[in-house]
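Reading the structure
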Amino acid sequence: MSFTPSSLLVTGGAGFIGSNFIHSFIANNPECRITNLDCLTYAGNLENLTALEGNAQYSFVKGDIGDAALVARLLAEQRIDAVVHFAAESHVDRSITGPEIFVRTNVLGTQILLEESRKQWQSGSVADFRFLQISTDEVYGSLGDTGYFTEGTPLAANSPYSASKAGADLLVRAYHETFGMPTLNTRCSNNYGPYHFPEKLIPLLIHNIIGKKPLPVYGDGLNVRDWLHVCDHAVAIETVLKKAIPGSVYNIGGNNEWKNIDIVNLVCDLLDGRLGRVAGENRSLITFVKDRPGHDRRYAIDAAKLTSDLGWKPCYTFEQGIAETIDWYLANQKWVSEVTSGAYRDYYQNQYCGGAV
Ligand code: NAD
Ligand code: DAU
């Protein structure tokens, strides 16, 4: 089974993973056009895509996935034959303090996008069609000390964020089962890399270390996450889009588990040298804070199906990826100061989800 898209609608392409995906896909597919639909929430930043200004393959449309008329017009005018759906509210802490927008964007927005995509697919105006839902390992809930999430693991979301993503995944499944629509679903572990918004752990650490601010570690710091470089995720998505059988679900992961406190110590130590600080200085910024409510203990992805069916495996070692990521943030302080103004600043001046630091 192979599918060659000619005109992609990418939603949420001004965010972290979406923008990395667009850069990667355009470089690998000079024949394919991309329309990026993004409403530019606090997490969407056109600075992530300045390298594509003037590129005839790429166009940006500011708009909401919940705007059915706009989505329908773009699908028809651009003769879209594949939707790659990243747009979402993506931060667990924000879903605890304000769940409603998560349901509106992640559940209802996805349903509107599915419905308009169904009409486009059924109109017969394109030869073939795919709808690829970018989901998360968080829909599976939390693991104990051992074991892995497989595609057969029952959904058991624990946060309003992950519950909204699980709701969207089930709608995607329903559109395949009910209408026969050619949908795909990927569930990836934690990403890291360039353009990662500094509310998430790794860029937050880098940002705060540079500014000598406290490094909030939730609870005992022993929660485990499985980290994958965002460029490896981008290639995995392209692989699934082109090679997977419609209706299928694929886990994506780096087989790279870290306790949070070990990541915090690593980033501190790598930045001591780069910032000319004495060894151990950055670790003195570590501050344990109240735990995130409902904090999932451990995520670990079994991505064997993706490797055996479609031949994908990650290229980055964590050692290389984290060093490059830290250097990217040091070289892109202007980007960091732009995205950390306004709404971000209001959020972080008022609270950390784990409690005041
Ligand atoms: P992000 O928060 O950095 O970006 C989300 C983007 O979606 C932003 O550009 C935002 O402006 C846009 N957006 C939000 N609501 C919209 C709406 N109603 N209409 C149009 N655009 C809208 O998120 P991310 O970290 O890049 O995650 C992208 C996707 O990948 C999400 O669906 C997320 O659930 C999933 N995911 C993320 C990770 C991770 O580690 N970051 C891991 C697995 C899966
Ligand atoms: O697993 C995939 C998911 O990874 C994605 O679906 C989400 O969109 C993405 O945000 C991410 O969710 P996490 O909750 O795992 O990521 P976050 O960076 O918020 O937190 C990583 C871990 O670090 C988590 O155990 C909470 C902890 N943490 C986080 C922050 C922001 C801290 O200890 N301190 C912090 O300040």
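Everything in this summary refers to the structure shown in the same document. (Residues numbered from 1 in each chain as written. Chains lettered and ligands numbered in written order. Predicted model: local features only at pLDDT ≥ 70, side-chain atom pairs only at ≥ 80, totals over all residues. Heavy atoms only, no water.)

1. A closer look at the pattern of salt bridges
For the coordinates displayed, the defined rule picks out 16 salt bridges. Between Glu77 and Arg73 there is a salt bridge; the shortest N-O distance is 3.2 Å. You can see Glu77 and its partner Arg73 sitting in helix 2 (residues 68-77), four residues apart, about one turn around the helix. When salt bridges with common partners are traced through the structure, they connect Arg94, Glu199 and Lys200 into a single cluster. (Salt bridge = Lys/Arg side-chain N within 4 Å of Asp/Glu carboxyl O. Helix = DSSP H or I, 4+ residues; strand = E, 2+ residues; numbered from the N terminus.)

2. Details of the pairing of strand 9 (residues 224-229)
Residues in a regular strand point their side chains to alternate faces of the sheet. The buried fraction of strand 9 amounts to six of the six residues, a majority that puts the element mostly inside the structure. Burial along strand 9 is two-sided: Val224, Asp226 and Leu228 and Arg225, Trp227 and His229, pointing in opposite directions, are all buried. Pairing analysis gives three bridges linking strand 7 (residues 190-192) to strand 9, with the strands arranged parallel. Within strand 9, the residue paired with Asn191 across the bridge is Leu228. Relative to strand 11 (residues 257-259), strand 9 runs antiparallel, the two being bridged by three bridges. Within the sheet, the bridge partner assigned to Asp226 lies in strand 11 and is Glu257. (Buried < 20%, exposed > 50% of the residue type's maximum accessible area, 1.4 Å probe, protein only. Pairing = 2+ DSSP bridges.)

Keep in mind that these numbers describe shape and distance, not what the molecule does.
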